[in-house]
Amino acid sequence: MSRASSSRPSTTSITLYDIKGGYGGQPWAPNIWRIRFILNYKRLRYRTVWVDLPDVESTLYELGAPPSSMRSDGRPVYTLPVLVDPSRNPGRPLILSNTNNISEYLESTYPSRPVFPAGSRALQSLYAHYIQEVFAKPLLPLLVPLSHQQLDHRSQTYFRAPGGLSGPPSSATNQPLPPGPERERQWLAAKEQFDFLDSILSKNTGDGDGTVAMGFEVSYADFALCSVLIWIKQVAPREGWSRIQHWNGGRWERLWEKCSPYMDNH
């Protein structure tokens, strides 16, 4: 399946709308990578439409995508990912926004090769929430400025921290990278989160491989975490990934290798 440049959804396969940016044309936004992982893991046929950040709102409005949220003044907020699935009703394809909504839809509509094994949905959802709301927080002062710097000037104006990757400029995105000593303190704060998660995942050693959340097979929880690792590797390969891959006895590189068969970015 080839990359697509047209903004129109396919009439025969799922279409994923993703952010067009730097990094050698590679996708990088963690919330969108969660969906890409699910599509690849379930072996679903799909194509990608790449959207420049300044064009996200107009593209999604024209598409008829539901807004991701509403501003306090009642105006809609449009963010990626958005997924279009024509398979259930070719004449009127289903259009979904919001990572959680899309994940739930794909799991219930395409139950083959589940990413939420029976009885695990609540705990995995909690795990994914922790990854986004707690685990990744110390990384934001490091990765958000780097992400902002590598976009073209037009896209920089519209960039917001992952979790809200379009819309009006956010003051958090154009802050400079912390100076050396503060940057090291921030990496230490990030390592505390990696160390804590390492201590939790180590509990699976003996009745699991000690690498993935559900014991032996990758699942949604692992994709949520590996999506953050992809972001780190894309925007901070030397300063970030080069150190993280060796933390905790190489656990995170082993997780990367476990998830790597599902990193297709077509």
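Only a predicted model underlies this, so the values are computations on that prediction, with no experimental measurement involved.

The rules behind these values
- Residues numbered from 1 in each chain as written.
- Predicted model: local features only at pLDDT ≥ 70, side-chain atom pairs only at ≥ 80, totals over all residues.
- Heavy atoms only, no water.
- Helix = DSSP H or I, 4+ residues; strand = E, 2+ residues; numbered from the N terminus.
- Expected span 1.5 Å × (residues − 1).
- Buried < 20%, exposed > 50% of the residue type's maximum accessible area, 1.4 Å probe, protein only.
- Core = buried A, V, L, I, M, F, W, Y, C linked by side-chain atoms within 4.5 Å.
- Contact = heavy atoms within 4.5 Å.
- Phe/Tyr/Trp six-rings, centres within 6.5 Å; stacked < 30°, edge-to-face > 60°.
- Salt bridge = Lys/Arg side-chain N within 4 Å of Asp/Glu carboxyl O.
- Polar contact = N/O pair within 3.5 Å; in protein donor to acceptor, adjacent residues only side chain to side chain.

Under the 1.5 Å per step criterion, the end-to-end length of helix 8 (residues 220-235) is 23 Å for 16 residues, consistent within 8% with the ideal 22 Å. Of all 16 residues that make up helix 8, 14 are buried, and the element is covered over most of its length.

Turning to the nonpolar core, a few remarks are in order. Ranked by size, the top nonpolar core spans 75 residues in total, and within it Leu106, Leu229 and Trp252 carry the most contacts. The leading source of residues in this core is helix 8, at 12 residues. Among residues more than four places away in sequence, those in contact with Trp252 are Phe194, Leu197, Asp198, Leu201, Leu225, Leu229, Trp241, Ile244 and Trp247.

Below, the discussion takes up unusual backbone geometry. For residues that are not glycine, phi is negative in most cases, and the peptide bond is trans in most cases. Here the bond from Leu80 into Pro81 is cis, since omega is 15 degrees, no more than 30 degrees from zero. Within the fold, Pro81 resides in the loop between strand 4 (76-77) and strand 5 (82-85). Phi is positive for Asn98, close to 85 degrees, though the residue is something other than glycine. Tracing the sequence through the fold places Asn98 in the loop between strand 6 (94-97) and helix 3 (99-109). Positioned with a positive phi, Asn248 is a non-glycine residue whose angle comes to about 55 degrees. Positionally, Asn248 belongs in the loop between helix 9 (237-244) and helix 10 (251-259).

Given two aromatic rings, their pairing is described by the distance between the two centres and the angle made by the two planes. Per the counting criterion, the structure on display carries 13 aromatic pairs. An angle of 65 degrees between the planes, with centres 6.1 Å apart, marks the rings of Tyr130 and Phe196 as edge-to-face. Of this pair, Tyr130 sits in helix 4 (residues 121-135) while Phe196 sits in helix 7 (residues 180-201), and the two are 66 residues apart along the sequence. On the basis of relative accessibility, which here comes to 44%, the residue Phe196 falls in the partly exposed class. Relative to Phe194, the ring of Phe135 has its centre 4.7 Å away and its plane inclined at 65 degrees; by these criteria the two rings are edge-to-face.

On to the pattern of salt bridges. When charged atoms on two side chains of opposite charge get close, those side chains can pair. Evaluation of the coordinates by the stated rule reveals 10 salt bridges. Its salt-bridge partner being Glu104, residue Arg121 comes within 2.6 Å of it at the nearest N-O pair. Here Arg121, found in helix 4, pairs with Glu104, found in helix 3; they are 17 residues apart in sequence, far enough to count as distant. A relative accessible area of 32% places Arg121 in the partly exposed class. Across the pair Glu239 and Arg183 runs a salt bridge, and its minimum N-O distance is 2.8 Å.

In this section: the environment of Ser199. For Ser199, the location among the structural elements is in helix 7. Counting along the chain gives 49 residues from Ser199 to Asn248, while the straight-line C-alpha distance between them is 9.2 Å. Of note is the side chain of Ser199, whose polar atom sits 2.5 Å from the backbone oxygen of Phe196.

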